[in-house]
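Examining the three-dimensional arrangement
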Amino acid sequence: MTTQVIPAGDLMTVHPKGIRARVLLTSVFGPYTQDDEYGSRTINPMELYHNQVTREQGPFSIRMSHRSWGIMLIQHNISAPSTVLDFPTRERFIEEITQHAYDVIGISGIVVNVGKVREMCRLARLHSPGSQVVVGGHVTAIPGIEQLVDADHFVKGDGISWFRAYLGEPVDAPIQHPIVPSSFGNRLMGLRGPRGMGNPATTIIPSVGCPLGCNFCTTSAFFGGKGNFLNFYERGEDLFRVMCESEAELGASCFFMMDENFLLYRRRAIELLECMKKHQKPWSMFVFSSANAIAKYEMRELVELGVVWVWLGLESPQSVYTKLDGTDTRALTRELQSHGIRVQGSTIIGLEHHTPENIAAEIEHAVSHAADCHQFMLYTPVPGSPLYAQTAREGRLRTDVEFADIHGQSTFNFTHAALPADSAKPLLDGAFRLDYERNGPSMYRLIETMMKGWRRYHDDPDARVRARFAIEGRQLAGGYGAALWAMERYLRRSNREVSDRIRALRLDIETTFGTTCRLIDRAVGPVLHWAARFDARFFPHGRPLEPQTFVDRRNWT
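Residues numbered from 1 in each chain as written. Predicted model: local features only at pLDDT ≥ 70, side-chain atom pairs only at ≥ 80, totals over all residues. Heavy atoms only, no water.

Brief notes about the side chain of S183
- Within the secondary structure, S183 sits in the loop between α6 (159–166) and β7 (184–188).
- On the basis of relative accessibility, which here comes to 6%, the residue S183 falls in the buried class. (Helix = DSSP H or I, 4+ residues; strand = E, 2+ residues; numbered from the N terminus. Buried < 20%, exposed > 50% of the residue type's maximum accessible area, 1.4 Å probe, protein only.)

See the structure below:
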């Protein structure tokens, strides 16, 4: 099932300087949280959670950013002297290419950022005319991209093997994994939070693509489509080694497995579990999984593997996607949560069968899962996906929607059979608000599920399991109750039912963990409450945040 995707788009010729070529790998320039001529949109900030998951939760929206993992992986798998420039400003990009003589300038972007990619290519031609300009990422799936952007090469697929071939290196050499803190810039209730909200994770990328190949999935299509994926680590032992390296470097015992369907590859997961048992690693993992992949495991296996968070595609009770395969997703969500496994649900609005008559019931069904977090996205044909090709054949793609607005958070970019285009955003906003009003802040839900897991496993016979839940117990006792105190007070007048549920959980935690926990809650809680009120007053739609710029040089002289 593993596929090595061969990049397409141009004839491969080795760069004249080979591994002596100086390479710049860069993401597109900011700022990102604004409406501008290059395609940035205020509604589409460079934040996953505040963008697509918790953006209607006011001051309780979870705020964090993540690095551009693709260019980091490429850098660690070439021998040439290289720089990763992540989240630069336009001025910082110009400074970098004028102060250093680069033979290759690689620019990575997604479809919505085609305007920025175009401008960076123009700047590269102007300020570094001797450089070969390479464009990669999902932006290369745009039909006719070669005419829209002035670049020498377009990498449509696996960037590691492309750059290795381009620089004359062995394409099939083992993958070297960079050390990647999972997130940065954490904020909650208007205040800066500790990295990882007190349990910092490191990102591991076992594979890219997903063999299930849902028609709307651009990532699956980008790495081979249905039935294929690109596996960097075939064996659990290899994955274990990479995780040990990250643990030693960052001191983290929590891992964000950036894999489209990590649990689908059961043999590797079980091999990893055996390694963890052998070396007594009480690790925890955040994973993506389909419902049919979870069905391959006993709950005990997931607990022992350290799965504490699952991103689960729910889509719709009427959907035909094989990853759901007739699963009762509400029962599955409750079962996972009863074992302390937080569930990040994901629901699509505007599927082909949605109508004005049934869409309210579909949203109600999604909200009834009471998932710890819930992503809502519009059904969106994105260039490169089978859905895009299908809607193009049917003549349903809208020509009045710019590429910068194909991000699934504002409007349909195709003619829906039953839903008018101007209904998209109100439906989406309403879904986010209903989930928040009915189920409360995601931070409260996450803490509630943690507490369920701790109660069930804190005295487990397995020392590894006990050790992992002891970590969560320290988090619960050491300040999470203060966050609950603030949420309870904040919502007391506007949503008394949710406020009472939050209070009951806080009192349960305080009773369980004792006097020190109560003192922390009463000392820190009022500060968090004040900060939440301040943030809500002055930034009712969320404080505009921009990620910091990173400059990573490797093999540099």
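Digging into a nonpolar patch on the surface
- Together, W530, F534 and F538 line one region of the surface with nonpolar side chains, adding up to about 350 Å² of accessible area.
- Tracing the sequence through the fold places F538 in helix α19 (residues 515–538).
- Its relative accessible area of 46% is what places F538 among the partly exposed residues. (Patch = residues over 30% accessible without salt bridge, like charges linked within 9 Å, V, L, I, M, F, W, Y side chains within 5 Å. Areas by Shrake-Rupley, 256 points an atom, 1.4 Å probe, with all protein chains shown as cover. Salt bridge = Lys/Arg side-chain N within 4 Å of Asp/Glu carboxyl O.)

Re the packing of helix α13 (residues 359–367) against helix α15 (residues 424–439)
- One can describe the packing of α13 onto α15 by two numbers: an axis separation of 10 Å at closest approach and a directional angle of 40°. Taken together, α13 and α15 sit at an angle that is classed as oblique. Every pair of crossing elements has a handedness; the one defined by α13 and α15 is right-handed. Where α13 approaches α15, its residues I359, I363, E364 and V367 are matched on the opposing element by L427, A431, L434, D435, R438 and N439. (Axes fitted to C-alpha atoms, helices over the stretch in contact; angles between N-to-C directions. Parallel < 35°, antiparallel > 145°, perpendicular 65-115°, else oblique. Left-handed = near helix turned anticlockwise from the far one by under 90°. Contact = heavy atoms within 4.5 Å.)

Here's the deal with the packing of aromatic side chains
- Overall, the coordinates contain 27 aromatic pairs when judged by the stated rule.
- Judged by centre distance (5.2 Å) and plane angle (35°), the ring pair of F240 and W283 falls under tilted. Of this pair, F240 sits in helix α8 (residues 236–250) while W283 sits in the loop between α9 (266–278) and β13 (284–289); the two residues are 43 residues apart in sequence, bridging distant segments of the chain.
- Relative to F513, the ring of W454 lies with its centre 4.9 Å away and its plane at 55°, an arrangement referred to as tilted. Here the residue W454 occupies a position in helix α16 (residues 442–457), and F513 occupies one in helix α18 (residues 496–513), the gap between them amounting to 59 residues.
- Through successive ring pairs, a cluster of aromatic residues spans W69, F256, F286, F288, W309 and W311.
- The ring centre of F550 lies 4.1 Å from the NZ or CZ of R67, which sits over that ring.
- Across the ring face of W556, the terminal group of R553 is positioned such that the distance to the ring centre comes to 5.1 Å. (Phe/Tyr/Trp six-rings, centres within 6.5 Å; stacked < 30°, edge-to-face > 60°. Lys NZ or Arg CZ within 6 Å of the ring centre and 35° of its normal.)

Some thoughts on α19
- The end-to-end C-alpha distance of α19 is 35 Å, a good match for the 34 Å that 24 residues give at a rise of 1.5 Å each.
- Where α19 bends most, at V524, the angle is about 30°, and the proline P526 comes one to four residues later.
- Among the residues of α19, those classed as buried are C517, D521, G525, L528, H529, A531, A532 and D535.
- Contacts from the buried residues of α19 go to β8 (191–192), α17 (463–490) and α18. (Expected span 1.5 Å × (residues − 1). Bend = angle between axes of the 7 residues up to and from the residue.)

Quick word on the state of the cysteines
- Summed over the entire model, instances satisfying the criterion amount to zero disulfides.
- C214 carries a free sulfur, and the closest cysteine sulfur to it, the one in C217, is 6.6 Å from it. (Disulfide = S-S within 2.5 Å.)

Some details on the sheet that holds β7
- Spatially, three strands are ordered β2-β7-β8 in an open sheet, and the strand pairing comes out antiparallel. In the strand order of this sheet, the two ends are held by β2 (63–65) and β8, each with one partner.
- Bridging between β2 and β7 involves two bridges; their strand directions are antiparallel. Counterpart to R63 in the pairing with β7 is R187. (Pairing = 2+ DSSP bridges.)

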